[in-house]
Amino acid sequence: MARSRSGTRNTRGPRRPMRRGPNESGSFHPVDPAQRGAIEIPASITVKELAELVGVNPADIIRELIKSGIFATINQAIDRDTASLVTTDLGYEVSETVADSQAAEGGGEVPQEPTGREEIMEGDDPTRVVTRAPIVTVMGHVDHGKTSLLDAIRKTSVAAGEKGGITQGIGASEVEHNGRPLVFLDTPGHEAFTAMRARGAKVTDIAVLVVAADDGVMPQTAEAIDHARAARVPIVVALNKMDKPDANPDRVKTELSEHGVYIEEYGGETPLVAVSAKSGMGIDDLLETILITSDALVDPKADPKRDAVGTIIEAELDKGRGAVASVLVQTGTLRVGDVVVVGETFGKVRALEDSHGKRLPKAGPSSAVILLGLSEVPAAGDILRVVADEKAARAIVEERKLKAAGRSEGTGRATLEDLYRQIQAGQTKELRVILKADVQGSLGAVTHALDQIQTDGVRINVLHQGTGDITDNDINLASASDAVVVGFNTKLVGTARRSAEAEGVEVRLYDIIYKLSEEMEAALRGMLEPEEVEVVEGRAEVRQVFRVGKSTAIAGSYVTDGRIVRGGARVYRNGKLIATDRIDSVRRFRDDVREVATGFECGIGLSGFHALEEGDIIECFTTQMVARAARS
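The structure displayed is predicted, hence computed values, not measured ones. (Residues numbered from 1 in each chain as written. Predicted model: local features only at pLDDT ≥ 70, side-chain atom pairs only at ≥ 80, totals over all residues. Heavy atoms only, no water.)

1. Notes on the sheet that holds strand β5 (residues 172-177)
The condition that has to hold: A pair of strands is considered paired only if DSSP assigns at least 2 bridges between the two. Elements are defined by DSSP. Helices are runs of H or I of four residues or more, strands are runs of E of two residues or more, and each kind is numbered from the N terminus. Convention adopted: a line fitted to C-alpha atoms gives each axis, helices being fitted over their contacting stretch, and angles between N-to-C directions are expressed from 0 to 180 degrees.
Here we have 6 strands laid out as an open sheet, ordered β5-β6-β4-β7-β8-β9, and mixed in their pairing. Each of the sheet's edge strands pairs with one partner strand only, and the pair in question is β5 and β9 (272-274). Strand-to-strand twist of the sheet, defined as the mean angle between neighbouring strand axes without regard to direction, takes the value 30°. Sheet analysis places strand β4 (residues 135-140) next to strand β6 (residues 180-185), joined by 3 bridges and oriented parallel. Within β6, the position partnered with I135 by the bridge is V183.

Structure representation (structure tokens):
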């Protein structure tokens, strides 16, 4: 029988926490104070009993106690004066008469949601599924001990540079606790976690949120919370650095509640485990808590007898072995000799290896292995699927490449116009927003302005907000969540603009709050009038002209600036514009490609102009629709 995190025997089995957001009441249905009669409170009552007596969630009682500086657990007793004060603050009337016998006659037991839900992937045979190892991602603020915690879990010293452990070159750690396996993804952080989700890879079952007990909730902690929520995965809090003399767990718990993470100790749904990666304290409790959470909330299943489906964790080109990819098998069994399709490439599995280079004949669900045999290097987050043969694989890849080519001028993953059409069709009731502003004061003002907007039952849902420039991470989260990015007095930095274009994410920048509010409301009403603007993507110099037939020419070119993609084109000769056309094809060697970057050669085919000469400059441009007052 499992033991709880406090060390006592758990006789109830895993409990499914209530699903409740920070402004919701979970399974409870609060009674209107105006309709509730005077409440009689006994001389002593536990937090849970008081919540049942009043008819509110225990978390509401605990929050009011925290405001008064009282940190009580759900089963802790409080006196009548304290209970009366809390009840009054919640808007209820307290009777002058005390009736101890009525203390337990509140609202009865809280209805519990069904324990556990099976997560079976499409294509799995329900009669053959078995429980697989939960897949866990560790997230949190920098320097809060994510890597050290993983090291402690693996009982290795990867952070110190020593070789060993499951993770070497494989991107995932397979560990065992009480005879049960768990898989930890070794991602650099929630950026990679969200980037993989943006590509459609639902890899993670549980997110472990690492918070330093001596530092508390920091900006990246809050960001990690938003990312985990957007992925709809359960959170387990690992309260790290509990060995430090200035550790203040009560402060951290309060800060977590301010960010909508209510821990079980205070009547919420999120388990918290005190750990020390340095001393190893609480590591076993953390692993057990993850397993309990997996059993209660995820119950991951897989069909080991079907063709494998997996996700690329990382990949690289090895000069001696070709494309080398780390694969996390999620369902089915991957075997040597299987033909697989991965993103826009395919291949025959030539070899499977574990982290120590040992050859394996096969890999089952929740296994992390190195795969050899792909024709090209895939991207992290690409989905791997076993197909019948190479002919089928080639057909699938060609179709994907054609679709990708068609999307190169795409309309965007979640433009305001597209969202309006979804709203009209009844497919969505919210506009999801990633919000960035220059300073905290601006952020608060913009958030307040967005909160006031609601049109025909459609609301604006700010999935994540923060200060500073718009980064790749913001774009990835927006892409994964079908959200738009709204910036106030800020800008896109680094490769964020390219990422937004590649992922089809709409970014709108403002410097006047009322303009921002007007356009967001107009978008919900479908009245936004976008403006078409031109963006120069790149330039290429024609090095050689290849004649195809009597009238067609392909320009063998070298990209000198930016990138070349399908879209508009202008041809310059000796500095003068001689033609405006469209780029119909972009090729590298014999393959059609979506784009070619600076410093590479390619073949460019124009739609109508074929009188090309060596030395001509082809300028590539695209058009984008942006808000008239929000042009970046």
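2. Some remarks on the pairing of strand β20 (residues 430-437)
Inclusion rule: Note on classification: 1.4 Å probe, protein chains only; a residue is buried when its accessible area is under 20% of the maximum for its type, exposed when over 50%, partly exposed between these limits.
The element β20 is extensively covered by neighbouring structure, given that 7 of its 8 residues are classed as buried. Sheet topology places β20 next to strand β23 (residues 484-488); 5 bridges connect them, and they run parallel. Counted as the bridge partner of A437 is F488 from β23.

3. Some remarks on the pattern of salt bridges
If charged atoms from side chains of opposite charge come close, those side chains can pair. Where we set the bar: Salt bridge criterion: a side-chain nitrogen from Lys or Arg within 4 Å of a carboxyl oxygen from Asp or Glu.
Applying the stated criterion across every chain, the model contains 29 salt bridges. Several salt bridges share partner residues, and in doing so they unite R498, E501, E537, R563 and E595 into one network.

4. With respect to the packing of aromatic side chains
How we decide: Working definition: a ring pair exists when centres of Phe, Tyr or Trp rings (six-membered ring for Trp) sit within 6.5 Å. Plane angles under 30 degrees give stacked, over 60 give edge-to-face, the rest tilted. Charge over a ring is defined by NZ of Lys or CZ of Arg lying within 6 Å of the ring centre and within 35 degrees of the ring normal.
Tallied over the full model, the rule gives 0 aromatic pairs. Geometry around F621 places R570 over its ring, the cationic atom sitting 4.2 Å from the centre.

5. Points about helix α3 (residues 80-89)
Keep this limit in mind: Contact criterion: two residues are considered in contact whenever any of their non-hydrogen atoms come within 4.5 Å of each other.
Taken together, the buried positions of α3 are occupied by R80, T82, A83, S84, V86 and T87. Residues of α3 that are buried in the fold lie against β1 (44-46), α1 (47-54), α2 (58-67) and β2 (77-79). Among the residues trailing α3, G91 stands out with phi positive, at a value near 100°.

6. With respect to the packing of α2 against α3
Keep this limit in mind: For classification, angles of less than 35 degrees are called roughly parallel, those exceeding 145 degrees roughly antiparallel, those between 65 and 115 degrees roughly perpendicular, and all remaining angles oblique. As a working rule, the residues Ala, Val, Leu, Ile, Met, Phe, Trp, Tyr, Cys and Pro are called nonpolar, Asp, Glu, Lys and Arg charged, and the rest polar, with Gly in that last group.
With their axes 10 Å apart at the nearest point, α2 and α3 run at an angle of 105° to one another. With respect to their mutual orientation, α2 and α3 come out roughly perpendicular. Between α2 and α3, the residues in contact are I61, E64 and L65 and T82, V86 and D89, respectively. Across the contact of α2 with α3, the residue classes tally to 3 nonpolar, 1 polar and 2 charged.

7. Concerning unusual backbone geometry
Although it is not a glycine, N178 sits at a positive phi angle of roughly 50°. Mapped onto the elements, N178 comes out in the loop between β5 and β6. With a phi angle near 60°, K241 is a residue other than glycine that sits in the positive phi range. Looking at the secondary structure, you find K241 in the loop between β8 (235-240) and α7 (249-258).

8. Re the nonpolar core
Side chains of nonpolar character tend, in soluble globular proteins, to be buried together. For clarity, the cut-off: What we call a nonpolar core is a set of buried Ala, Val, Leu, Ile, Met, Phe, Trp, Tyr and Cys residues that are connected through their side-chain atoms within 4.5 Å.
Counting 38 residues, the largest nonpolar core has I41, L50, I61, L209, V237 and L256 as its most contacted members. Where this core is concerned, the elements lending two or more residues are α1, α2, α3, β7 (206-212), α6 (219-231), β8 and α7. Of the residues forming this core, the biggest block, 5 residues, is contributed by α1. Those residues in contact with V237, other than ones at most four positions away along the chain, are L209, V211, L256, V261, T270, P271, L272 and V273.

9. Details of the side chain of T221
Note that T221 resides in helix α6. Taking relative accessible area as the criterion, T221 reaches 0% and is therefore assigned buried. Leaving out residues up to four positions away in the same chain, T221 has contacts with H141, H144, L209, V211 and G216.

10. So, the pairing of strand β27 (residues 567-573)
Within a regular strand, side chains alternate between the sheet's two faces. In terms of residue burial, β27 counts as a mostly covered element, since 5 of its 7 residues are buried. Examined bridge by bridge, β27 and strand β28 (residues 576-588) share 7 bridges and lie antiparallel to one another. Pairing of G568 across the sheet is with R582, part of β28. Connecting the antiparallel pair β27 and β28 is a turn made up of 2 residues, with N574 showing a positive phi of about 55°.

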